[in-house]
Amino acid sequence: MALHIIVGGFFGDEGKGHIAGFLALRYRPWGIVRTGATNAGHTVVYGGVKWKLRAVPSGFISRGARLFIARGALVSLRVVLGEIEALGVGGRFWIDEATGIVTEEHVERERSDSYLMATIGSTGTGIGAAMVDRVMRRLRLAREFPELKPFITDTQSKLLDAVESNYTVHVEASQGYWLSLYHGTYPFVTSRDTTAAAALSEIGLGPRHVDRITVVFKAYVTRVGGGPLPGEMGFDEAVKAGWVEYGTVTGRPRRVAPFNFELARRAVMANSATDVALTKIDKLFPSASCVREWSKLPGEAKKWVESVEDRLGVAVSLIGTGEDVECTVDRSRELGLEP
Ligand code: GTP
Ligand code: IMP
Ligand code: MG
């Protein structure tokens, strides 16, 4: 098995951090590469600790894994240096020499833009402004920052060598299909494409090496910021269901709607999903809480998962049953998806 891409299918925050963390622990990939930008916040809960990550791959909890930031990604200098230090991953962390660097000036430019902040509901983390500079060919890249020198490498050639040697590499994409600049609910989208194909393009690898594409959905839909959300529930109703969440990066309450098959079906097709991961099913079926085996899931939860498979036309390989990454049902083997 070479490349395994983990990508979001709704509006981000589907629990990719949970799924990527679990997969890294279980399958011990040679390397893990993060694409996207530091507007995303992934949550990983493991061994009683909760990490909120914006740059370092969620699979860092797999101690032997080499960690990479893709060439086409955009990362805040402050955030990336802070995480390397806080997580103690120096020595196995690499950033591409051409990764785009977001500075405080980009953050300020975005935060003073009322269209972006009030209408679109941007996270205000400077990613769009840095993307503008990249397109205008004036963005400074990682190789221009002495602080990053110890971590700089050519990630494209390292990852190409790895997949050519048949080592397993996990790709952690960020945000979700419907926030894609091209395919999402424009203009209420982020400043990049968020598909599996875009993740590959950011790394600089072609599709031939890809073995598995797991599209992650939560058991219900959440969205932060402006834009349409079909079936959106009132705040009180969402509180009653136990579905209210707060943004990892901005702390804003997330808007909530029931699971949406139309949105999910399009994301499955556009990403050419080999399989689907469903997180937070413990929020639909409390008796599924932290169950780790398919046979031990309550019947109604199994039935719901099977109805998702029927309606999306793709197998559900992974099921999140609690916050901790170990609270996961993994059906990869029975589905023939194991490396
Ligand atoms: P982006 O990169 O921003 O799209 O984020 P993400 O997909 O990594 O998700 P994020 O961590 O922002 O939000 C998911 C939330 O759900 C976090 O608080 C997780 O701890 C939580 N979570 C993930 N999986 C499960 C699960 O199976 N059960 C429960 N109860 N919580 C979960
Ligand atoms: P920006 O990309 O930060 O400018 O934000 C544009 C839109 O994308 C806003 O609606 C944000 O809430 C949303 N967005 C950006 N990143 C994330 C994320 O990681 N999770 C969820 N929503 C996001
Ligand atoms: Mg998030």
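Look a little higher up for the structure.
What you see as residue numbers is a count from 1 along each chain, following the sequence as written. Naming scheme: in the order in which they are written, chains are lettered from A and ligands are numbered from 1. The model is predicted, so local features are restricted to residues of pLDDT at least 70 and side-chain atom pairs to those at 80 or more, both for listing and for counting; the totals for chains, interfaces and linings are taken over all residues. Excluding hydrogens and water, the side-chain values take into account all heavy atoms of the structure.

Side note on the side chain of H170
Move 1: Of note, H170 is situated in strand β10 (residues 169-176).
Move 2: Filtering out sequence-adjacent residues up to four positions away, H170 remains in contact with H4, I6, L23, A24, Y27, P29, G31, I32 and V33. Secondary structure elements follow DSSP: runs of H or I of four or more residues count as helices, runs of E of two or more count as strands, with numbering from the N terminus. The contact definition used throughout considers only heavy atoms, calling two residues in contact when any of these lie within 4.5 Å.

Description of the sheet that holds strand β1 (residues 3-8)
Think of a sheet as strands paired side by side through backbone hydrogen bonds, with each pair either parallel or antiparallel.
Move 1: Spatially, ten strands are ordered β9-β7-β5-β2-β10-β1-β11-β14-β15-β16 in an open sheet, and the strand pairing comes out mixed. The two strands at the open ends of the sheet, each matched to only one other strand, are β9 (152-153) and β16 (328-330).
Move 2: Strands qualify as paired when DSSP identifies two bridges or more between them. Bridge count for β1 against β10 is five bridges, and the pairing is parallel. Looking at β10, one finds that H4 is bridged to H170.

Concerning the pairing of β10
Move 1: Of all eight residues in β10, eight are buried, a share of seventy percent or more.
Move 2: Inspection of the sheet shows strand β2 (residues 31-34) paired to β10 by four bridges, in the parallel sense. Its bridge partner lying in β10, I32 is registered against H170. Accessibility here uses a 1.4 Å probe with only protein chains present; expressed as a share of the type maximum, an area under 20% marks a residue as buried, one over 50% as exposed, and anything in between as partly exposed.

Let's talk about a nonpolar patch on the surface
Move 1: Patch membership is restricted to residues that have no salt bridge and whose relative accessible area is over 30%. Joining uses 9 Å for like charges and 5 Å for the nonpolar side chains Val, Leu, Ile, Met, Phe, Trp and Tyr. Computed by Shrake-Rupley with a 1.4 Å probe, the accessible areas treat only the displayed protein chains as cover when residues are assessed. What makes a salt bridge here is a side-chain nitrogen of Lys or Arg within 4 Å of a carboxyl oxygen of Asp or Glu, nothing more. A cluster of nonpolar residues, V132, V135 and M136, forms a patch on the protein surface that exposes about 270 Å² of accessible area.
Move 2: When you line up the elements, V132 lands in helix α5 (residues 127-135).
Move 3: Overall, the relative accessible area of 44% leaves V132 in the partly exposed class.

Some details on helix α3 (residues 104-111)
Move 1: Listed in full, the buried residues belonging to α3 are H106, V107 and E110. For α3, the arc enclosing every buried residue in end-on projection is 100°, short of the 170-degree limit, so these residues lie on one face.
Move 2: Tucked into the core, α3 has its buried residues touching β8 (100-102), α4 (114-120) and α5. Along the arc lie the directions from the helix axis toward the C-beta atoms.

A closer look at the site of ligand 1
Move 1: Close contacts around ligand 1 come from 22 residues, with D13, K16, H42, T43 and D282 the closest.
Move 2: Contact between ligand 1 and K16: an oxygen atom at 2.6 Å from a side-chain N or O atom of the residue.
Move 3: Polar contacts, as used here, are pairs of N or O atoms within 3.5 Å; protein pairs need one atom able to donate a hydrogen and one able to accept it. Residues neighboring in sequence count only if both atoms are side-chain atoms. Within the backbone of G17, a nitrogen or oxygen atom sits 2.9 Å from an oxygen atom of ligand 1.
Move 4: Across the complex, the protein chains shield 93% of the 660 Å² of accessible surface that ligand 1 would expose by itself.
Move 5: If you list the elements that add at least two residues to the shell around ligand 1, you get α1 (16-27) and β3 (42-46).
Move 6: The element best represented in the shell around ligand 1 is α1, accounting for three residues. The nearness test applies per residue and asks whether one of its heavy atoms lies within 4 Å of the molecule or strand.

Re the state of the cysteines
Move 1: By convention in this document, the label disulfide applies to cysteine sulfur atom pairs within 2.5 Å. The tally for this structure, following the rule as stated, stands at one disulfide.
Move 2: Each disulfide pairs two cysteine sulfurs, and for C290 the partner residue is C327, the sulfurs being separated by 2.0 Å. An S-S torsion of about -80° defines the bridge between C290 and C327 as left-handed. Here C290 is found in the loop between β14 (275-279) and α10 (299-312), whereas its partner C327 is found in the loop between β15 (316-320) and β16, with 37 residues between them in sequence.
Move 3: Using a relative accessible area of 28% as the deciding quantity, one classes C290 as partly exposed.

Some details on the site of ligand 2
Move 1: The immediate surroundings of ligand 2 are formed by 16 residues, with N39, S122, T123, T190 and V224 found nearest.
Move 2: Within the side chain of S122, one N or O atom sits 2.7 Å away from an oxygen atom of ligand 2.
Move 3: Between ligand 2 and the protein, one listed contact pairs an oxygen atom with a side-chain N or O atom of T123 at 2.5 Å.
Move 4: In isolation ligand 2 exposes 470 Å². Once the protein is present, 97% of that is buried.
Move 5: All residues other than Ala, Val, Leu, Ile, Met, Phe, Trp, Tyr, Cys, Pro, Asp, Glu, Lys and Arg, Gly among them, are scored as polar; the first ten of these are nonpolar and the last four charged. The residue inventory of the shell around ligand 2, partitioned by class, reads six nonpolar, eight polar and two charged.

Observations concerning the coordination of the magnesium ion (ligand 3)
Move 1: Listed as protein donors to the magnesium ion (ligand 3) are D13 (OD) and G41 (O); their distances from the metal cover 2.0 to 2.2 Å. One end of the pair, D13, is in the loop between β1 and α1; the other, G41, is in the loop between β2 and β3, with 28 residues separating them in the sequence.
Move 2: Classification of D13 by relative accessible area gives partly exposed; the value is 22%.
Move 3: By relative accessible area, which is 13% here, G41 ends up buried. Ligating atoms shown are N, O and S within 2.8 Å of the metal, or 3.2 Å for Na, K and Ca, and water is not included, meaning a site may look less than complete.

Re α1
Residues spaced three or four apart along an α-helix point in a common direction, a consequence of the helix completing one turn every 3.6 residues.
Move 1: For α1, which comprises twelve residues, the first-to-last C-alpha distance of 16 Å matches the rise-based estimate of 16 Å (1.5 Å per residue) to within 8%.
Move 2: Most of α1 is tucked away: eleven of the twelve residues are buried.
Move 3: Buried residues of α1: K16, G17, H18, I19, A20, G21, F22, L23, A24, L25 and Y27, and no others. Take the number of residues in a helix, subtract one, and multiply by 1.5 Å to get its expected span.

Describing unusual backbone geometry
Excluding glycine, residues mostly carry a negative phi; peptide bonds, for their part, are mostly trans.
Move 1: Cis geometry marks the peptide bond from Y186 to P187; its omega dihedral reads 5°.
Move 2: Summarising the element assignment, P187 is placed in the loop between β10 and α7 (196-203).
Move 3: If you check the backbone angles, K280 has positive phi at about 60° while not being a glycine.
Move 4: Mapped onto the elements of the fold, K280 is located in the loop between β14 and α10.

With respect to the packing of helix α9 (residues 261-270) against α10
Move 1: Every angle, taken between N-to-C directions, lies between 0 and 180 degrees, and every axis is a line fitted to C-alpha atoms, over only the stretch in contact when it is a helix. The geometry of α9 relative to α10 is characterised by a closest axis approach of 10 Å and an angle of 60° between their N-to-C directions. Taken together, the axis directions place α9 and α10 in an arrangement best described as oblique. Handedness of the α9/α10 crossing: right-handed. Each of F261, A264, R265 and V268 in α9 lies in contact with α10, whose residues at this interface are S307, V308, R311 and L312.
Move 2: Of the residues contributing to the contact of α9 with α10, the split by class is five nonpolar, one polar and two charged. Oblique is the label for every angle not falling under 35 degrees (roughly parallel), over 145 degrees (roughly antiparallel), or within 65 to 115 degrees (roughly perpendicular). Should the near helix be turned counterclockwise from the far one by less than a right angle, the crossing is left-handed, whereas a clockwise turn marks it as right-handed.

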